[in-house]
Amino acid sequence: MGLPYWAMILFAIASMAIVGMVAERIVLRPVLGYPAFTVVMITIGLGYVLRGVVTMVPGWGTETYALRTPFSEGILKLGDVVLAVQQLAVIGMTALLCFVLYLFFRFSRIGIAMQATSQNQLAAYYMGIPVRRVNMMIWGLSAAVAAFAGILLAPVTFVHSNMGFIGLKAFPAAVVGGFGSVPGSIVGGLIIGLVEALAGFYLPEGFKDVAAYVVVLVVLLVWPSGIFGETVRKKV
Amino acid sequence: MRFIFKTAYLQDIRLFQHRGQVFWYGLLGLALLAAPWWASEYFMSQLHFICIYSIVGFGLMMLVGFTGQISLGHAAFLAVGAYTEALLQAAGVPFVVSIACAAAFSASVGVIVGLPALRLKGIYLAISTLAFNVIIEEIATRWESLTGGSGGKHVSAVSLFGWKLESDSEFYYLCLALTVLCCLACINLLRSPTGRAFVAIRDSEISASCMGVNLAKYKTLSFALSAALTGIGGALYAHKISFISPEQFTLLASIELVTIVIIGGVGFLHGAVLGAAFIIVLPQLISIAKDYLPSAVATTGLQGVVFGLVLIGLILFEPMGLYGRWLKIRTYFELFPFYRRGMFRRQKSYMKSERLR
């Protein structure tokens, strides 16, 4: 639409945050407090709907688009090492995002309230945390972060209506690190990414795609709630 | 309104609770037996699929609906059953043996998948079964000498005791017979101590283990039985499609299988059949409806939208699924002026602490 890149990023993130909050308000608030599986199935249904709607929007359809960024062509030479500026930008922005999220969850009141809600909704509610509003913010935040990831990914792959399935790769990253832990998800993402790259390099073809999932199975067998996830003992 | 006076303990586990049920199920059975005479060729093919998906639905219902374990990897068991059947048939093994092998092999894979389930709960279990599905799919793609890779594999018609079941109606009777057998097996299992143990685990693992239910044994058993049923479904599926390739057993297929259970109604065997019928009929209905819709809406995405909306709508407004809705409507008319809204609300206060996790 002719917007500059940075304005587009802000616009995409803001609009996705709103979409996330609206989705929470409409379909997820009624099942607040239900088992995780219910939520998972609802989001799967939501995924079906949104993907379908995208193909219906005239002009978007099922085609594939390329996204151009200011960094697309740049190449950085450090001695013998040649790096694409594109990838440096991705790394830099990810690091920045991690740092911001870490600060947010560590120091801001809302971030701490979010952690409390994730640990025990009922207790958080008793402590005066507005659980519903916090949940809505979490959905907005997570949609915004996912949108940011999508923007970083778009120039590397392409933009199409089925790119959402990359999200299935994000699950292993979150699980390996353990849900409810920001450092965990970074470590998880690193492990998944490294294992995948190494498996693609050293092992025969085909192992690359399953490496992430093999890692997930192994990690879950050893640590049932991820490496950094806290183990919860239920008392009777 | 019918009141059943209980005069014997065995009455509780009777197959049919009263005469009316015998009548209606008898009628349904007759209608299904007579299907080749009243159904068109196209509808027969749909009936095949409904039978096959019902069997898979029974398996998944056993696991999700009665044992309370989550699986996003049932397409993998479907694949294991289908490939076992295809390979054994190609090797000249008779159908009775090969379908038993398909079930047994699926069950043994199910035990392996069930092992993490002993320690995992909720979403972690879902992810581990999801991971398993991706791995099996990749194996099916890469092990070309065995599975034909992504080029796929052809499966010929069933031959039963030297009698080739080539026509639609012959294969239909085979599917129907197996569906009824699986259904009876499930009913029988669920009214036995094993089935009661499953339900106890679903309602509360802690109280089940306090009551002396061996969690590890019964969870593994549930996975194995569920996988075996899905394997049988997979074997029939291979014969029905007569061509199998790894693309049919992706994660999306698994999700579709889970939606059978959710749409039909979690915790009712009827739900498996209703859900299977719904999932088979919905695409047909949509393709009919497309003729009446403006072209902007009638795209390939329409099916996904409708599917997702139905899924979300059912979870939000009718967590008991289609069968639950039918139960409510029936109760409403049976009790006509006295039906109350809260009659079907679950009263399980001890679940509260578990719901918050």
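What comes next is a walk through the structure. (Residues numbered from 1 in each chain as written. Chains lettered and ligands numbered in written order. Predicted model: local features only at pLDDT ≥ 70, side-chain atom pairs only at ≥ 80, totals over all residues. Heavy atoms only, no water.)

**Examining the pattern of salt bridges**
Residue and element names in this part refer to chain B. Per the stated rule, a full pass over the model turns up 5 salt bridges over all chains. The salt bridge involving Glu-138 is made with Arg-142; its shortest N-O contact spans 3.0 Å. Note that Glu-138 and Arg-142 are positioned in helix H6 (residues 122–142) at a spacing of 4 residues, about one turn of the helix. Assessed through its relative accessible area of 13%, Glu-138 is described here as buried. One salt bridge in this structure joins Glu-205 and Lys-219, with 3.0 Å as the shortest N-O distance. Of this pair, Glu-205 sits in helix H10 (residues 205–210) while Lys-219 sits in helix H11 (residues 215–241), and the two are 14 residues apart along the sequence. There is no split in this pair, since Glu-205 and Lys-219 are both buried. Each of Glu-318, Arg-325 and Lys-328 takes part in salt bridges that share partners, so that together they form one network. (Salt bridge = Lys/Arg side-chain N within 4 Å of Asp/Glu carboxyl O. Helix = DSSP H or I, 4+ residues; strand = E, 2+ residues; numbered from the N terminus. Buried < 20%, exposed > 50% of the residue type's maximum accessible area, 1.4 Å probe, protein only.)

**Some words on the packing of helix H4 (residues 74–90) of chain B against helix H5 (residues 95–117) of chain B**
Residue and element names in this part refer to chain B. Contact geometry for H4 and H5: axes closest at 8 Å, N-to-C directions at 145°. Considering only the axes of H4 and H5, their crossing is right-handed. Listed contacts from H5 to Phe-77, Val-80, Gly-81, Thr-84, Glu-85 and Leu-88 of H4 are Phe-95, Ser-98, Ile-99, Cys-101, Ala-102, Phe-105, Ser-106, Val-109, Gly-110 and Val-113. (Axes fitted to C-alpha atoms, helices over the stretch in contact; angles between N-to-C directions. Left-handed = near helix turned anticlockwise from the far one by under 90°. Contact = heavy atoms within 4.5 Å.)

**Digging into the packing of helix H12 (residues 251–264) of chain B against helix H14 (residues 301–317) of chain B**
Residue and element names in this part refer to chain B. The N-to-C vectors of H12 and H14 enclose an angle of 40°; their axes lie 10 Å apart at closest approach. One finds that H12 runs oblique with respect to H14. By crossing handedness, the relation of H12 to H14 is classed as left-handed. Contacts from Glu-256, Thr-259, Ile-262 and Ile-263 of H12 reach H14 at Phe-307, Val-310, Leu-311, Leu-314 and Ile-315. Split into classes, the residues belonging to the contact of H12 with H14 amount to 7 nonpolar, 1 polar and 1 charged. (Parallel < 35°, antiparallel > 145°, perpendicular 65-115°, else oblique. Nonpolar A, V, L, I, M, F, W, Y, C, P; charged D, E, K, R; others polar.)

**Description of the packing of aromatic side chains**
Residues and elements named next belong to chain B. Scanning the entire structure with this criterion turns up 13 aromatic pairs over all chains. Relative to Phe-132, the ring of Phe-77 lies with its centre 5.7 Å away and its plane at 40°, an arrangement referred to as tilted. Of this pair, Phe-77 sits in helix H4 while Phe-132 sits in helix H6, and the two are 55 residues apart along the sequence. Here Tyr-172 and Tyr-173 contribute two aromatic rings whose centre-to-centre distance is 5.6 Å and whose plane-to-plane angle is 50°, an arrangement assigned as tilted. The class for Tyr-173 is partly exposed, based on a relative accessible area of 29%. Cluster of aromatic residues (ring-pair linked, three or more members): Tyr-83, Tyr-237 and Phe-249. (Phe/Tyr/Trp six-rings, centres within 6.5 Å; stacked < 30°, edge-to-face > 60°.)

**What to know about helix H3 (residues 85–107) of chain A**
Helix length check: H3(A) (23 residues) gives 32 Å between terminal C-alpha atoms against 33 Å at 1.5 Å per residue, within 8%. Three or more residues of H3(A) are buried, namely Gln86(A), Ala89(A), Met93(A), Leu101(A) and Phe105(A). (Expected span 1.5 Å × (residues − 1).)

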